[in-house]
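# Descriptive analysis of the structure
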Amino acid sequence: MPEKTAETAKTPEVPATAAAPVPAATLETGPAPAKARSLWSDAWHDLRRQPMFLVSSLLILVLLVMAIWPGLFTSASPRDADLAAHYLQPPNWSHFFAEDWLGYDGQGRSIYARIIYGARASITVGVGVTILVTLLGTLIGMTAGYFGGWLDSVLSRVTDVFFGIPFLLGALVVLTSFENRTVWVVIMALAFLGWTQIARVARGAVLTVKQADYVVAAKALGASTTRIMLRHILPNAIAPIIVVATIALGGYIAAEATLSFLGVGLAEPTVSWGVDVSTGREQLRNAPFTLIIPSVMVSITVLSFLMFGDAVRNALDPKLR
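What counts and what doesn't
- Residues numbered from 1 in each chain as written.
- Predicted model: local features only at pLDDT ≥ 70, side-chain atom pairs only at ≥ 80, totals over all residues.
- Heavy atoms only, no water.
- Buried < 20%, exposed > 50% of the residue type's maximum accessible area, 1.4 Å probe, protein only.
- Helix = DSSP H or I, 4+ residues; strand = E, 2+ residues; numbered from the N terminus.
- Contact = heavy atoms within 4.5 Å.
- Polar contact = N/O pair within 3.5 Å; in protein donor to acceptor, adjacent residues only side chain to side chain.
- Salt bridge = Lys/Arg side-chain N within 4 Å of Asp/Glu carboxyl O.
- Phe/Tyr/Trp six-rings, centres within 6.5 Å; stacked < 30°, edge-to-face > 60°.

### Looking at helix α13 (residues 273-280)
- Within α13, 7 of the 8 residues are buried, leaving the element largely enclosed by the surrounding structure.
- Restricting attention to buried positions, one finds in α13 the residues Trp273, Gly274, Val275, Asp276, Val277, Ser278 and Gly280.
- Packing partners of the buried residues in α13 comprise α4 (51-68), α6 (111-147), α12 (225-261) and α14 (289-316).
- In this structure Ser272 caps α13, since a side-chain oxygen of it lies 3.2 Å from the backbone nitrogen of Gly274.

### Re unusual backbone geometry
- Cis peptide bonds are those with omega within 30 degrees of zero, and the linkage from Glu268 to Pro269 qualifies with 10°.
- Residue Leu88 is not a glycine yet carries a positive backbone phi of 50°.
- Turning to its location among the elements, Leu88 is positioned in the loop between α5 (83-86) and α6.

### Some details on the pattern of salt bridges
- This model, assessed by the stated rule, comprises 8 salt bridges.
- Between Asp105 and Arg109 there is a salt bridge; the shortest N-O distance is 2.9 Å. Summarising the burial analysis for this pair, Asp105 and Arg109 share the class buried.
- A salt bridge links Arg313 to Asp310, with the nearest nitrogen and oxygen atoms 3.5 Å apart. A residue pair is termed a helical-turn pair when its members lie 3 or 4 positions apart in one helix, as Arg313 and Asp310 do in helix α14 at 3 residues.
- What makes Asp310 partly exposed here is its relative accessible area of 25%.
- Among the charged side chains, a salt-bridge network with shared partners connects Asp105, Arg109, Arg114, Glu268 and Asp276.

### Points about the packing of aromatic side chains
- Taken as a whole, this structure holds 6 aromatic pairs when the rule is applied.
- With 5.7 Å between their ring centres and 70° between their planes, Trp101 and Tyr112 make a pair best called edge-to-face. Of the two residues, Trp101 sits in the loop between α5 and α6 while Tyr112 sits in helix α6, which places them 11 residues apart along the sequence. In this structure, Trp101 and Tyr112 share a single accessibility class: buried.
- When the ring of Phe162 is compared with that of Phe192, the centres are 5.3 Å apart and the planes differ by 80°; the resulting orientation is edge-to-face. Of the two residues, Phe162 sits in helix α7 (residues 149-163) while Phe192 sits in helix α9 (residues 183-194), which places them 30 residues apart along the sequence.
- What makes Phe192 partly exposed here is its relative accessible area of 44%.
- Grouping aromatic residues by their ring pairs yields a cluster made of Phe162, Phe192 and Trp195.

Right, here's the structure in full:
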């Protein structure tokens, strides 16, 4: 019997068949992953759904328009006085947004016109002080937190000294040194004493951020100190600073009104809510509306900025979510 050769021992080849079709379900990769949102986009997403933020933003927008373009709300002048015809004339509630809508003060001037034009001085003081204290406090706080050592000790002790001065009492002492107390003098006096809280917040934020890996990597790559502070530290430490500054803005408006009420803030001929509150107290018994109306405007403005600041804090602080 002949021996089997290698070729005959081989198993006959099976013809290749077409590959089985892959089910369509296995080809589906599923929905694309959602794009990660940044802190600011996530905060804006939350803010748009907060009624407190929407209401306060609307009020602040009206106040800003009133301060920039007062002529859109009234054609009367806040300094026109007719003592004989309008002395302490009570409000005429039937004439909405008219010259006599809120009555006249003790000098025959339209209270409504003074409310409209007084928004400019009060809001200018609040915004101006907030900008200055934010810049100064952030600079001092970032310098102390980033460099540390003896520089941190010196700046922290200086901050403690200013922080220990009562804000209104210190502003009262500073402003009494000036005979002509204009809007910018009041802004500088309040900013001179109001930067300490921002500095402490900025220092704490920088101390936390500078330990992050991306800051350490930037130092290892030889990035300059200015670049590290402006490109890496400041953008990631600015959120708590913005929150504190926003809430403090309303407080500075109230401080201006308080100082003007005490006679050491803004004075005539400047048109301001604080000035009107100061002059209205003289007619508290005869015409209380001369005091109540500007006081209510100050309260509404301060409350609007406080509500706005609380909403921003809730959106930026992950612990409150």
